[in-house]
Amino acid sequence: MRLAIWNYPAAEFLVSGFTSGAVASPFEIERHPPEECAARFVQDEVDVALLPTTMALQAYDDIDAIPTVGLVSWKYPYARLAWKGGLHDFPETIAYNRRHAQEQFVARVVMHEHYKVDPEFVAYDGRAPHELIEMPEEAALLVGPDVPTLQAEGFSMDLGREWFELTNYPMVWGLLVTRRDRADNALIESVIDNAKAAEAHRDVWVQAQETPANLNAFYSEDLRIRIDRLGIASLTELRTYLFYYDVMDEIPDVPFASREEDEDEEEKKEES
């Protein structure tokens, strides 16, 4: 089986249980930008893919998400707003790459709900973060694996932290998904075992990254790959905003796959 994962270090941690050899892996791992992971999934070229959560929610009728596993964080150095002013000088226009629809949506919600401003988002095709900074708009939405080390003049706003301050929950950036009814017990348990192995070896993985201290702190303290009750609450907030901001006609379900109980488990329940 083939699994498409984002080419971000945070996403690499998500599959590090498989790549470490700590658990048996049925997957061949591919690494691509998020939009390419989505494209390969839509074209049925991979069996499992990490999709932006907003995209997964919009496709909830056609996919199954692996339960309890995702890309979750309280901060997120891979998505930030940058402008030359500050919190008392909000931008009226923001340049962004139209491929980063989820980050644009989060930024829109944060700016309106938290700061009571509604800047115009100006979409560009295929612009890298360093190019967006040079656009004529007053601010730029910077997204990607190079953003943590990108130097931008002026003020910088971490979207993960802003989401947390708005909702009191960590942001669920991505869900691992399959096509509807393809997530059998073996696949689900394999991905969950990987997440457990990755968490168990987090310290070793962080030390191997040789990253600056601020990113080490993010990997050690702010990044999670398990969706617990706080993650579920965050998904509820996100689903609600998708509806109230007219992105969707209804509040979507979270399309988590169900694990089938085997006969032994069913018998134990009946006996109890």
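Residues numbered from 1 in each chain as written. Predicted model: local features only at pLDDT ≥ 70, side-chain atom pairs only at ≥ 80, totals over all residues. Heavy atoms only, no water.

*Asks:* Sorry, what's going on with the packing of helix α7 (residues 159–167) against helix α11 (residues 229–244) here?
*Replies:* The description of two helices packed together rests on the angle between their axes and the distance between the axes. At their nearest, the axes of α7 and α11 sit 11 Å apart, and the two run at 90° to each other. Between α7 and α11, the angle is such that the two are roughly perpendicular. Residues W163, L166 and T167 of α7 form the contact with α11, whose participating residues are S234, E237, L238 and Y241. Of the residues belonging to the contact of α7 with α11, the class tally is four nonpolar, two polar and one charged. (Axes fitted to C-alpha atoms, helices over the stretch in contact; angles between N-to-C directions. Helix = DSSP H or I, 4+ residues; strand = E, 2+ residues; numbered from the N terminus. Parallel < 35°, antiparallel > 145°, perpendicular 65-115°, else oblique. Contact = heavy atoms within 4.5 Å. Nonpolar A, V, L, I, M, F, W, Y, C, P; charged D, E, K, R; others polar.)

*Asks:* Quick question: what am I supposed to make of the sheet that holds strand β7 (residues 120–124) here?
*Replies:* In a beta sheet, neighbouring strands pair by backbone hydrogen bonds and run either parallel or antiparallel. If you trace the five strands from one edge of the open sheet to the other, you get β7-β6-β8-β5-β9, paired in mixed fashion. Each end of this open sheet is capped by a strand with a single partner; those strands are β7 and β9 (155–158). Going from strand to strand, the sheet's axes swing by 25° on average, the running direction of each strand aside. Pairing analysis gives two bridges linking strand β6 (residues 93–97) to strand β8 (residues 139–143), with the strands arranged parallel. For I94, the partnering residue across the bridge sits in β8 and is A139. Running over the sheet, α7 touches β5 (79–83), β8 and β9 and is turned about 60° from β9. (Pairing = 2+ DSSP bridges.)

*Asks:* Sorry if this is basic, but what is going on with the nonpolar core here?
*Replies:* For soluble globular proteins, the rule of thumb is that nonpolar side chains tend to be buried together. Grouped together as the largest cluster of nonpolar side chains are 81 residues, with contacts concentrated most on L3, I5, Y76, L81 and L176. Per element, the largest residue contribution to this core is seven residues, and it comes from helix α5 (residues 101–115). With sequence-adjacent residues up to four places away left out, L81 is seen in contact with I94, A107, M111, A140, L141, F155, S156, M157 and L159. If you look at the next biggest cluster of nonpolar residues, it comprises nine residues, including L132, M135, A140 and L142. (Core = buried A, V, L, I, M, F, W, Y, C linked by side-chain atoms within 4.5 Å. Buried < 20%, exposed > 50% of the residue type's maximum accessible area, 1.4 Å probe, protein only.)

*Asks:* Which parts of the structure should I look at to understand the side chain of E162?
*Replies:* Take E162: it is sitting in helix α7. Among buried charged residues, E162 stands out as having no salt bridge; its nearest opposite-charge side chain is R161, 6.0 Å away. Within the structure, the side chain of E162 is placed 2.7 Å from the side chain of Y115, a separation counted as a polar contact. Leave out the neighbours within four places in its chain, and E162 touches V110, H114, Y115 and M157. (Lys, Arg positive; Asp, Glu negative; His and termini not counted. Salt bridge = Lys/Arg side-chain N within 4 Å of Asp/Glu carboxyl O. Polar contact = N/O pair within 3.5 Å; in protein donor to acceptor, adjacent residues only side chain to side chain.)

*Asks:* Would you take a moment to explain the sheet that holds strand β4 (residues 63–73) for this structure?
*Replies:* The strand order across the open sheet built from six strands is β2-β1-β3-β10-β4-β11, with neighbouring strands paired in mixed fashion. Two strands in the sheet have a free side with no partner beyond their single neighbour: β2 (28–32) and β11 (223–226). Sheet twist, expressed as the mean angle between neighbouring strand axes with direction ignored, is 30°. Of the pairings in the sheet, the one linking β4 to strand β10 (residues 171–179) comprises seven bridges and is antiparallel in character. Bridging across to β10, L71 finds its partner in G174. Along the sheet, helix α8 (residues 185–200) contacts β3 (48–52), β4, β10 and β11; its crossing angle with β4, the most-contacted strand, is approximately 10°. Sheet contacts for helix α10 (residues 213–222): β4 and β11; angle to β11, the most-contacted strand, approximately 35°.

*Asks:* Looking at this structure, how should I read the pairing of β4?
*Replies:* The side chains of a regular strand alternate, residue by residue, between the two faces of the sheet. Most of β4 sits out of view: ten of its eleven residues are buried. Pairing analysis gives three bridges linking β4 to β11, with the strands arranged antiparallel. For V69, the partnering residue across the bridge sits in β11 and is R226.

*Asks:* Could you clarify how one ought to interpret the pattern of salt bridges in this entry?
*Replies:* Any two side chains of opposite charge can pair if their charged atoms end up close together. Following the criterion strictly, the structure yields twelve salt bridges and no others. E30 is the salt-bridge partner of R2, the closest N and O atoms lying 2.5 Å from each other. Here R2 is found in strand β1 (residues 2–6), whereas its partner E30 is found in strand β2, with 28 residues between them in sequence. R2 sits in the partly exposed class, given a relative accessible area of 30%. For E30, a relative accessible area of 7% puts it in the buried group. Note that D125 and R98 form a salt bridge whose closest N and O atoms lie 2.4 Å from each other.

*Asks:* I would appreciate a short explanation of the environment of D228 in the present structure.
*Replies:* Checked against the element boundaries, D228 lands in the loop between β11 and α11. Residue D228 is classed as partly exposed on the basis of its relative accessible area of 41%. Between the C-alpha atoms of D228 and L51, which are 177 residues apart in sequence, the distance is 18 Å.

Structural measurements only, silent on function.
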